[in-house]
Amino acid sequence: MGTLVLEGLARRYGATVAVERVDLDVQDGELVALLGPSGCGKTTTLRMVAGFVPPSAGRVLIGGRDVTRAAPHGRDTGMVFQSYALFPHMSVGQNVAFGLEMRKVGRAERERRVTEALRLVRLEGLADRLPRQLSGGQQQRVALARALVVNPAVFLLDEPLSNLDAKLRAEVRFEIRALQQRLGLTTLFVTHDQEEALTMADRLVVMDRGRVRQIGNAEALYERPADAFVAGFIGRCNLLRGALESPGRFRAAGGATLPCAPGAAPADSVLALRPERVSVETRGEGLPARLLAVTYLGAQTEYHLDLGGTKLLAIRATPAEDDPRRALAPGDAVTVHWSPAEARLLPALPGDLVEEAA
Amino acid sequence: MAALVLPAALLVLVLLVAPMAMLFRISLNQYSPTELMIEALSPENYLRAIADPYYQDVLATTMGVALSCTLIALLLGFPAAYWLARMESRWKSLAVILTLFPLLVGNVVRAAGWMALLGRDGAINAGLMGLGLIAEPLTLLYTRGAVILGIVAVVAPYMILTLASVIEAIPRQVEEAAANLGAGPLTGFRRVVLPLALPGVAAGSVLVFILCMNAYATPVLLGGPQFKMMAPAVYDQFVKGTNWPFGAALAFVLLVVTLTLTIAGSALLARRSRRG
């Protein structure tokens, strides 16, 4: 195992920027997820690490060695492809043994390690099958075993779960994470699924349109998003346009004046407020609001609110049956409240999709 | 559904099976210099076609040329097909049209072009002599080499397009996986691309081999009067010798040899691709 360092890694196609500049340090045994919508440059970044896309600028270091100019077969990375990319004409055992053969590992040792790798992904006894005789989940595990068996310095996963059905995906997610931790694999993981990234990764790199927006662990990204894009991409968030009226008071575009965290507002700022941090009461202290819609979701209930022209979403645990809030219906008057520190002023880059969640 | 294949089936019956049956019947007749053809049921034409050293030689030449052409077309065609299959630019359709370009010119016109290039006073000899590299013109035309060159130029597009369609179906990620696991380009080709492309190699080779075995205009025009392949020999019997029964027998010998070699070749490749 080793570390992975990306220094100012960039890729341009003519005038189009696929990846603007990525600086990233992946520690030994760490799992880092590249997360972002399609076209954000996450896959291009991964492919630059694997050596399939030559960078326009910057360096890739694996275990301290500069591999920026190295061919894919000289990089010692183990990649799991989105399509699995198993060799269709080789048996499961031959697929897994391929990397060991390339490394000139002797026959006895090879057989031992293939058996061991197949046991690790719970496919013992299927070595003689052809890939097409396996289910999607099993093929995925062969791809894992094939990449793991060579003990790569860096483990690369390109949306490895996107071809699995929802139930299997949750299971495999957990399995990959357990395997990665047990073997101490330095891993770079590409996904567009924030839940996948949040549950699996030690740290996440949020990317958008070729740019890294924020690097941090799940809690940092959720509680302290760097900008409006990250706030809207990780979890749900009310993002309100407007301007700071006075310290601690934000005048939203719709007309309402809302309490917010103290501090100077950056230019082009939006107010970011997580819907589950907004409490909804039938009476008492708070801002008056009118209910536009109530959506019962079992454990939670969504309240779509109108605060004098500004729309706001609140998500609360569904109240008990004898709670007066359980009877709330569209048109009802309520009061809403939140801790001002929860309402953050965040910069929004031009072109960021800033939409009200309500 | 069966009704849909009826027109095609009728066409095959009228245009292929019926003439073949008639040809086969003719091949069992006897030749007479005065009456041209006498009804008979005799194997003598076949016995002559097989036993006559002259026709053994013609058949051997035909098979040799066809095998050489198929092999050369395969070796030259594979890299071109790979390049074409992996091409992503907007020029791809242009590249396909350029590949097909040789087929837009008729066999005779194309052969005339080769003659202008390869002849005693052709462009190549004129150029080499002009540069002072040779004193006497080289014999390029009316050689086995000229015939092979001419046929390869015709059949290469068939080989390239057949291979390209099979290579296109091999996911690029599979090649990338091989590289990622430590296989250099050559190893990746040998262990992954080639085995997966074998069905295309078989299909392209069979197609090209059949075309080569039956080549007519190119051997006649580029091989000259001394160079004989089977298709011109059959033509000679029908038209020049007016010996229809023997010509028909020669045609069936060509057919059977071509079929046998084709089936044997594809069976061999099929076994290899199963073994992986």
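If you're wondering where the values come from, they're calculated on a predicted model, not measured in any experiment.

### Focus on the overall build of chain A
When you go through chain A residue by residue, the secondary structure sums to eight helices and 20 strands. Principal-axis analysis of the C-alpha atoms places the extent of chain A at approximately 75 × 50 × 30 Å. Residues counted as buried form 40% of the 358 residues belonging to chain A. The long-range fraction of contacts in chain A, counting pairs at least 24 apart against all pairs at least 6 apart in sequence, stands at 67%.

### Focus: the interface of chain B and chain A
Counting residues at the interface gives 15 residues for chain B and 18 residues for chain A. When residues of the side of chain B that touches chain A are traced back to their parent elements, those giving at least two are α8 (172-180) and α9 (185-213) of chain B. With six residues, the top contributor of residues to the side of chain B that touches chain A is α8 of chain B. Residue composition of the side of chain B that touches chain A, grouped by class: nine nonpolar, five polar and one charged.

### Some details on the confidence of the model for chain B
Residues and elements named next belong to chain B. Looking at chain B, the pLDDT average stands at 92 and 99% of residues meet or exceed 70. At the level of individual helices and strands, chain B shows its lowest average pLDDT in strand β2 (residues 36-38), which scores 85, and its highest in α8, which scores 97. Two summary scores accompany this predicted model of the complex, namely pTM at 0.85 and ipTM at 0.86.

### As for the domain arrangement of chain A
All names here are of chain A. Each domain of chain A was delimited in the assignment, giving domain 1 (4-223) and domain 2 (228-347). Here the C-alpha centre of domain 2 lies 39 Å away from the C-alpha centre of domain 1. Counting residues at the interface gives seven residues for domain 1, matched by five residues for domain 2. Those elements giving two or more residues to the side of domain 1 that touches domain 2 turn out to be β9 (203-208), β10 (211-216) and α7 (218-223). Here the residues of the side of domain 1 that touches domain 2 sort into three nonpolar, two polar and two charged.

### Here's the deal with the sheet that holds strand β19 (residues 333-337) of chain A
Residue and element names in this part refer to chain A. The strand order β15-β19-β16-β17-β18 describes an open sheet built from five strands, whose pairing is antiparallel. Sheet topology places β15 (279-281) and β18 (310-317) at the edges, where each strand pairs with a single neighbour. Averaged over all adjacent pairs, the angle separating strand axes in this sheet is 45 degrees, with direction ignored. Across eight bridges, strand β17 (residues 300-307) lies against β18 in antiparallel orientation. Its bridge partner lying in β18, Asp 306 is registered against Lys 311.

### Brief notes about the UniProt feature "transmembrane region" (unreviewed entry) in chain B
Residue and element names in this part refer to chain B. Sequence positions flagged by UniProt for "transmembrane region" (unreviewed entry) are, in local numbering, residues 63-84, 96-117, 146-171, 192-217 and 246-270. Secondary structure content for residues 96-117 is 73% helix and 0% strand, while the C-alpha to C-alpha distance between its ends is 26 Å. Helix and strand shares over residues 192-217 are 88% and 0% respectively, and the end C-alpha atoms of the span are 39 Å apart.

### Topic: the nonpolar core
By size, the foremost hydrophobic cluster in this structure holds 158 residues, and its most contacted members are Leu 271 of chain A together with Val 155 of chain B. Top element by residues in this core is helix α7 (residues 144-168) of chain B. It accounts for 14 residues. Residues lining this core come from more than one domain, with at least three contributed by each of domain 1 (4-223) and domain 2 (228-347) of chain A. Excluding residues within four positions of it along the chain, Val 155 of chain B makes contact with Cys 69, Ala 73, Val 208, Leu 211 and Cys 212 of chain B.

### Digging into the UniProt feature "domain: ABC transmembrane type-1" (unreviewed entry) in chain B
Feature annotation in UniProt assigns "domain: ABC transmembrane type-1" (unreviewed entry) to the following positions: residues 59-265 of chain B. Measuring from the first to the last C-alpha atom of residues 59-265 of chain B gives 18 Å, for a span that is 77% helix and 0% strand.

### Re the pairing of β9 of chain A
Residue and element names in this part refer to chain A. Within β9, five of the six residues are buried, which leaves it mostly tucked inside the rest of the structure. Bridge analysis of strand β3 (residues 31-35) against β9 gives four bridges, and the strand direction is parallel. Within the sheet, the bridge partner assigned to Leu 34 lies in β9 and is Val 205. Judged from the five bridges that link them, β9 and β10 form a sheet pairing that is antiparallel.

### Some points on the confidence of the model for chain A
Do not read the fine detail of predicted coordinates wherever pLDDT is low. Looking at chain A as a whole, the pLDDT averages 91, with 96% of positions reaching at least 70. In the model, residues 354-358 of chain A has pLDDT below 50 throughout and makes 22 contacts with residues more than four positions away in sequence or in other chains.

### Section: the UniProt feature "domain: ABC transporter" (unreviewed entry) in chain A
In the numbering adopted here, UniProt assigns the feature "domain: ABC transporter" (unreviewed entry) to residues 4-234 of chain A. Helix makes up 36% of residues 4-234 of chain A and strand 26%, whereas the separation of the span's terminal C-alpha atoms amounts to 25 Å.

### Observations regarding the packing of helix α5 (residues 107-118) of chain B against α7 of chain B
All names here are of chain B. In contact at an axis separation of 11 Å, α5 and α7 are set at 135 degrees when each is read in the N-to-C sense. One element, α5, and the other, α7, form an angle in the oblique class. In this structure, α5 crosses over α7, and the sense of that crossing is right-handed. Facing α5, whose interface residues are Asn 107, Arg 110, Ala 111, Trp 114 and Leu 118, α7 presents Ala 146, Gly 150 and Val 154.

### Considerations on helix α4 (residues 136-148) of chain A
Residue and element names in this part refer to chain A. Relative to the 18 Å expected for 13 residues at 1.5 Å per residue, α4 spans 18 Å between its end C-alpha atoms, a close match to the ideal helical length. Most of α4 is tucked away: ten of the 13 residues are buried. Where α4 is concerned, the buried positions are Gln 139, Gln 140, Arg 141, Val 142, Ala 143, Leu 144, Ala 145, Arg 146, Ala 147 and Leu 148. The inward-facing, buried residues of α4 contact β6 (77-80), α2 (92-102), α3 (107-120), β7 (154-158) and α5 (166-183).

### Topic: unusual backbone geometry
Backbone geometry at Asp 76 of chain A places phi at a positive 60 degrees, although glycine is not the residue there. Relative to the helices and strands, Asp 76 of chain A resides in the loop between β5 (65-66) and β6. According to the C-beta neighbour criterion, Asp 76 of chain A is partly exposed, with 19 such atoms within 10 Å. Of note in this structure, Leu 36 of chain B is not a glycine but carries a positive phi near 70 degrees. Tracing the backbone through its elements, the reader meets Leu 36 of chain B in strand β2.

Scoring rules and cut-offs
Residues numbered from 1 in each chain as written. Chains lettered and ligands numbered in written order. Predicted model: local features only at pLDDT ≥ 70, side-chain atom pairs only at ≥ 80, totals over all residues. Helix = DSSP H or I, 4+ residues; strand = E, 2+ residues; numbered from the N terminus. Buried ≥ 20, exposed ≤ 12 C-beta atoms within 10 Å, placed from the backbone. Contact = placed C-beta atoms within 7 Å. Nonpolar A, V, L, I, M, F, W, Y, C, P; charged D, E, K, R; others polar. pLDDT = per-residue confidence, 0-100. Domains from an automatic or database assignment. Pairing = 2+ DSSP bridges. Axes fitted to C-alpha atoms, helices over the stretch in contact; angles between N-to-C directions. UniProt positions renumbered as here; feature names shortened; annotations may be inferred. Core = buried A, V, L, I, M, F, W, Y, C linked by C-beta atoms within 7 Å. Parallel < 35°, antiparallel > 145°, perpendicular 65-115°, else oblique. Left-handed = near helix turned anticlockwise from the far one by under 90°. Expected span 1.5 Å × (residues − 1).

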